[in-house]
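Now for the letters of each chain:
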Amino acid sequence: MLDKLNEIEKSGLESLNTITDPTALEAWRVSTLGRSSPLMLVFSELGTLSKEERPVVGQAANRVKTALESAMDARAQILRAAALAKSLEQETLDVTLPGRRIGIGRLHPSTQQLRRVLAILAEMGFQVYTSPEVETDEMNFQLLNFPPHHPAREMQDSFYVEAGERGENPILMRTHTSPGQIHAMREYASKNPKDPPPVRIALPGMCFRYEQITARSEIQFNQVEGLAVGKGITFADLKGTLTDFARRMFGQGAHVRFRASYFPFTEPSAEMDVECFVCGGAGCPVCKGSGWLEILGCGMVHPIVLQNGGYDPKRYTGFAFGMGPERQWMLRYRINDIRTFWANDVRFLEQF
Ligand code: DAH
């Protein structure tokens, strides 16, 4: 038995010394130290030996096993070192090559413009107030003085989420940010229902309309709404505030004009234009020859809307306005297709 062990050790070490690659080393491990190797056979035969022989052979077998294992580890190390030396010699690394550029992300143009509008309004004392994108018909229309079947609803075809049982109060995706006016006024009024505090807020966010998608209309877009309610607020405050907004947004020299308009939730209502910043008012394709660009709708908050928000229209007045950041961005960069905003084409997005 002992002779056999010596033989196993000797031949194992000899064959190990001839090994030059990892695959052969693994094959050597299986045949020399693996479960059915001659050495392991010795271990399994220990039980058949006499009481005297067993410890002697057992110790010898263990010694041979340890010796072979450490010789194998040493060999593996030699092979690794050789492989490294070879790769250092053969493969060249040009450390002067420039590294791979890391792509830095940026804000979507809509977000950039949304933030710009909000930053200007914040300087003017308007706080951001966010309200839900999913609304009831009551919030989105009725409380804003669009009764069911009112023709003004025609302009805001809607995506309904739940109708049927709900009769005249279906649930829909909001078609404008104006329902935020009701949410905000009600929350403010609840703080002191007898004498509600003044409101000066900006309502940003996504709106949804069931539109045919074309270069000029999308089914989703952002709006920023402004609302100021208090005692003694007049149309002069509306004009002053919005003229100042236009100057902060388009430059101190910006000229504006107000045109009479109609919205159910304001009375009187107006639309504000800025003098075309492309042609300076002379007339060009961007302003379609008129010299003016329409940028927002506005008006004095309708008494019914004040009432619905919890503000007594005999004591409170206010003004509101609503604008579209994507539209402003399109005018600024002369983009002629609104679909580019949600088309996820990096060739468009990377330009900003
Ligand atoms: N909600 C209107 C729309 O989506 C925009 C608007 C017009 C908002 C006049 C206002 C306003 O607050 O006073 O078309």
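Use the structure listed above.
Residues numbered from 1 in each chain as written. Predicted model: local features only at pLDDT ≥ 70, side-chain atom pairs only at ≥ 80, totals over all residues. Heavy atoms only, no water.

**Student:** Outline the overall build of the chain, supporting the account with residue identities and numerical values.
**Tutor:** When helices and strands are counted, the chain shows 11 helices and 10 strands. A globule of 352 residues ought to have a C-alpha radius of gyration of about 20 Å, yet the chain, at 40 Å, is considerably larger. Oriented by its inertia axes, the alpha-carbon framework of the chain measures out at about 115 × 55 × 35 Å. Of all 352 residues assigned to the chain, the portion counted as buried reaches 42%. (Helix = DSSP H or I, 4+ residues; strand = E, 2+ residues; numbered from the N terminus. Rg over C-alpha atoms; globule rule 2.2 N^0.38 Å. Buried < 20%, exposed > 50% of the residue type's maximum accessible area, 1.4 Å probe, protein only.)

**Student:** Got a sec to walk through the packing of helix H3 (residues 38-45) against helix H4 (residues 53-90)? Specific residues and values, please.
**Tutor:** Where H3 meets H4, the axes come as close as 10 Å, and the angle between the chain directions of the two elements is 155°. When the axis of H3 is compared with that of H4, the two are roughly antiparallel. Crossing of H3 over H4 shows left-handed handedness. Between H3, through Leu39, Met40, Val42 and Phe43, and H4, the contact on the second element is made entirely by Val57, Ala61, Asn62, Val64, Lys65 and Leu68. Residues belonging to the contact of H3 with H4 are distributed by class as follows: eight nonpolar, one polar and one charged. (Axes fitted to C-alpha atoms, helices over the stretch in contact; angles between N-to-C directions. Parallel < 35°, antiparallel > 145°, perpendicular 65-115°, else oblique. Left-handed = near helix turned anticlockwise from the far one by under 90°. Contact = heavy atoms within 4.5 Å. Nonpolar A, V, L, I, M, F, W, Y, C, P; charged D, E, K, R; others polar.)

**Student:** Tell me about the sheet that holds strand E4 (residues 171-173), and name the residues and values.
**Tutor:** With antiparallel pairing, three strands are arranged side by side in an open sheet as E2-E4-E3. Looking at the sheet topology across the chains shown, the edges are occupied by strand E2 (134-136) and strand E3 (160-162). With direction set aside, neighbouring strand axes in the sheet form an average angle of 35°. Pairing geometry for E3 and E4, over two bridges, is antiparallel. (Pairing = 2+ DSSP bridges.)

**Student:** Hey, could you go over the environment of Asp137 for me, with residue numbers and the actual values?
**Tutor:** On the secondary structure map, Asp137 appears in helix H6 (residues 137-140). With residues up to four places along the chain from it excluded, the contact list for Asp137 reads Gln142, Arg153, Tyr160, Glu168, Asn169, Pro170 and Leu172.

**Student:** Now, about the site of the ligand: what can you tell me, with residues and values included?
**Tutor:** Around the ligand, the surrounding shell holds 16 residues, and the nearest of these are His176, Ser178, Arg209, Gln223 and Glu225. In this structure, Ala320 approaches the ligand through a main-chain N or O atom, which is 3.1 Å from an oxygen atom. Notes on the ligand: free accessible area 360 Å², of which the protein chains cover 90%. Sorting the residues of the shell around the ligand by element identifies strand E6 (220-230), strand E9 (292-301) and strand E10 (317-323) as the ones contributing at least two each. The class makeup of the residues in the shell around the ligand is five nonpolar, nine polar and two charged. (Near = heavy atom within 4 Å. Polar contact = N/O pair within 3.5 Å; in protein donor to acceptor, adjacent residues only side chain to side chain. Areas by Shrake-Rupley, 256 points an atom, 1.4 Å probe, with all protein chains shown as cover.)

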